[in-house]
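Spelled out, the chains give:
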Amino acid sequence: MWPSRGGHTLEENLTAIARQAALFYEQSFPIAASLYAETQLKRRHDEALRQMGAGPHMPIRLLDTYLRAEQAAGRVRTEADTFAAASLLLGACAQRAFAYEAAEERPPVDDFAHRLARTLLNGIAPGE
């Protein structure tokens, strides 16, 4: 695969993003769960995030922007839906934290991130 920004391949970059996102969601899951358990607290939290121009949607937007730049450079298929790709990658990372919260064992984060990035690329990378 072609080098991407920073000298890494797109797969390497997506793997690193997936790894960090999976770890973030794993560590923040208890906090998020407590916010959803208390409606007023969640409302205040959401309002504070809106005032700061932040929120859980921002990583999706940022990853979408990155994927569109890769698309412009020819490393992502022209017809690929970069917003959907960003949503799928980050959604899978969040789901990993939720799905394995009560499990005795969760998939190793490095393996999970690599497999997720590779699978996503099978759908959005141009044919070689």
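Nothing here was measured: the structure is a model prediction, and the numbers come from that model. (Residues numbered from 1 in each chain as written. Predicted model: local features only at pLDDT ≥ 70, side-chain atom pairs only at ≥ 80, totals over all residues. Heavy atoms only, no water.)

Notes on the environment of Ser-28
Tracing the sequence through the fold places Ser-28 in helix H1 (residues 10-37). Separated by 69 residues in sequence, Ser-28 and Ala-97 place their C-alpha atoms 8.8 Å apart. (Helix = DSSP H or I, 4+ residues; strand = E, 2+ residues; numbered from the N terminus.)

So, the pattern of salt bridges
Any two side chains of opposite charge can pair, on the condition that their charged atoms come close. Tallying each qualifying case throughout the model produces six salt bridges. Of the charged contacts in the structure, one is a salt bridge between Arg-19 and Asp-110, with a shortest N-O distance of 2.5 Å. Of this pair, Arg-19 sits in helix H1 while Asp-110 sits in helix H5 (residues 109-124), and the two are 91 residues apart along the sequence. For Asp-110, a relative accessible area of 44% puts it in the partly exposed group. (Salt bridge = Lys/Arg side-chain N within 4 Å of Asp/Glu carboxyl O. Buried < 20%, exposed > 50% of the residue type's maximum accessible area, 1.4 Å probe, protein only.)

Topic: the packing of helix H3 (residues 58-72) against helix H4 (residues 82-99)
The packing of two helices is summarised by the inter-axis angle and the distance between the axes. Two numbers describe how H3 lies on H4: the axes approach to 8 Å, and their chain directions differ by 130°. On the basis of the axis angle, H3 is oblique to H4. Between H3 and H4 lies a crossing whose hand is right-handed. Here Pro-59, Ile-60, Leu-63, Asp-64, Leu-67, Arg-68 and Gln-71 of H3 come into contact with H4, specifically with Thr-82, Phe-83, Ala-85, Ala-86, Ser-87, Leu-89 and Leu-90. Here the residues of the contact of H3 with H4 sort into nine nonpolar, three polar and two charged. (Axes fitted to C-alpha atoms, helices over the stretch in contact; angles between N-to-C directions. Parallel < 35°, antiparallel > 145°, perpendicular 65-115°, else oblique. Left-handed = near helix turned anticlockwise from the far one by under 90°. Contact = heavy atoms within 4.5 Å. Nonpolar A, V, L, I, M, F, W, Y, C, P; charged D, E, K, R; others polar.)

Here's the deal with the nonpolar core
Counting residues in hydrophobic clusters, the biggest one holds 26 residues, and the most contacted among them are Leu-10, Leu-14, Leu-63, Leu-67, Leu-89, Cys-93 and Ile-124. For this core, the element with the most residues is H5, which contributes eight residues. (Core = buried A, V, L, I, M, F, W, Y, C linked by side-chain atoms within 4.5 Å.)

Brief notes about the packing of aromatic side chains
Under the criterion given, the structure shown has one aromatic pair. Between Phe-24 and Tyr-25 the ring centres are 5.4 Å apart and the planes differ by 70°, which places this aromatic pair in the edge-to-face class. The side chain of Arg-96 reaches across the aromatic face of Phe-112, ending 5.4 Å from its centre. (Phe/Tyr/Trp six-rings, centres within 6.5 Å; stacked < 30°, edge-to-face > 60°. Lys NZ or Arg CZ within 6 Å of the ring centre and 35° of its normal.)

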